[in-house]
Amino acid sequence: AGVALLMLADREKQRKRPLLVAAGVFVGFALLTKNEGTLFFFAIVATRIIQLRRPSPLRTIATEVGYIAAGSSPALLLSAWHRHLAGNNELLKAAGSESVFQKLTAVSRYSAVATAFAEQFRAFDSWMLVLLGIAMMTGFGGPRRRSMLAGLAVTLGVLVGGYFVVFLVTPYDLAWHLTSSTDRLAMQLQPLMIIFVFCALPPLEE
């Protein structure tokens, strides 16, 4: 819902501000799901900055991100309070460990994570490749639609990249963590991938 509202904000120039705030509200809802939601929040902010970077001055970028943050502010405050009560995040315990460098340089871990991701994509999302292939054959349309698709690709890339790094440095047994989590993460990405596919397909007038 947050991504869809951001896309509407880019189309509805006169209603852009309230749509950005509404997008922030829904991104805030995701933020309250803790680890994955926090990554999603930063993915949305990063996507917005990258999308606006070239044609827009710094003030415009700061204003738009500010509206999103304003909508997310109740969730940001609540999440910060909850994290303060909860104490240290287990997934971040390894951040100060000497083994982090060893994990990040272990080729076997990269291979294991990549294999698990590929298996989950094949199981959950391989049917989307057919639709995406059709969309690519028909072209991605004008600059506005290409910009939307680029933004979605950046969001998906940040999310997948974040998941990948978490698995690389996880303090848990890697095989167990992959088996117990990758299917859930794959399903969380499905709504964005569906939006991507339908944005790539040409509208009826084309």
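Attention in this report is confined to the structure presented alongside it. For clarity, every value in this text was computed on a predicted model and none was experimentally measured. (Residues numbered from 1 in each chain as written. Predicted model: local features only at pLDDT ≥ 70, side-chain atom pairs only at ≥ 80, totals over all residues. Heavy atoms only, no water.)

**Details of the packing of aromatic side chains**
Logical step 1: Inspection of the entire model under this criterion finds six aromatic pairs.
Logical step 2: Arranged with centres 5.9 Å apart and planes meeting at 80°, the rings of Phe-117 and Phe-167 form a pair that is edge-to-face. Here Phe-117, found in helix α6 (residues 107-124), pairs with Phe-167, found in helix α8 (residues 143-169); they are 50 residues apart in sequence, far enough to count as distant.
Logical step 3: Between Tyr-172 and Trp-176, the ring centres sit 5.7 Å apart and the planes meet at 75°, which makes this aromatic pair edge-to-face.
Logical step 4: An aromatic cluster of three or more residues is present, and its members are Tyr-110, Phe-117, Phe-164 and Phe-167. (Phe/Tyr/Trp six-rings, centres within 6.5 Å; stacked < 30°, edge-to-face > 60°. Helix = DSSP H or I, 4+ residues; strand = E, 2+ residues; numbered from the N terminus.)

**Description of the pattern of salt bridges**
Proximity of charged atoms lets side chains of opposite charge pair with each other.
Logical step 1: The tally for this structure, following the rule as stated, stands at six salt bridges.
Logical step 2: One salt bridge in this structure joins Arg-184 and Glu-36, with 2.0 Å as the shortest N-O distance. You can see Arg-184 sitting in helix α9 (residues 174-200) and its partner Glu-36 sitting in helix α3 (residues 35-52), a full 148 residues away along the chain.
Logical step 3: Since its relative accessible area comes to 39%, Arg-184 is described here as partly exposed.
Logical step 4: A relative accessible area of 18% places Glu-36 in the buried class.
Logical step 5: Arg-48 is the salt-bridge partner of Glu-64, the closest N and O atoms lying 2.9 Å from each other. Remark: Arg-48 occurs in helix α3 and Glu-64 occurs in helix α4 (residues 58-86); sequence separation between them is 16 residues. Arg-48 carries the same exposure label as Glu-64, and that label is buried.
Logical step 6: Each of Asp-10, Lys-16, Arg-48 and Glu-64 takes part in a single network of salt bridges with overlapping partners. (Salt bridge = Lys/Arg side-chain N within 4 Å of Asp/Glu carboxyl O. Buried < 20%, exposed > 50% of the residue type's maximum accessible area, 1.4 Å probe, protein only.)

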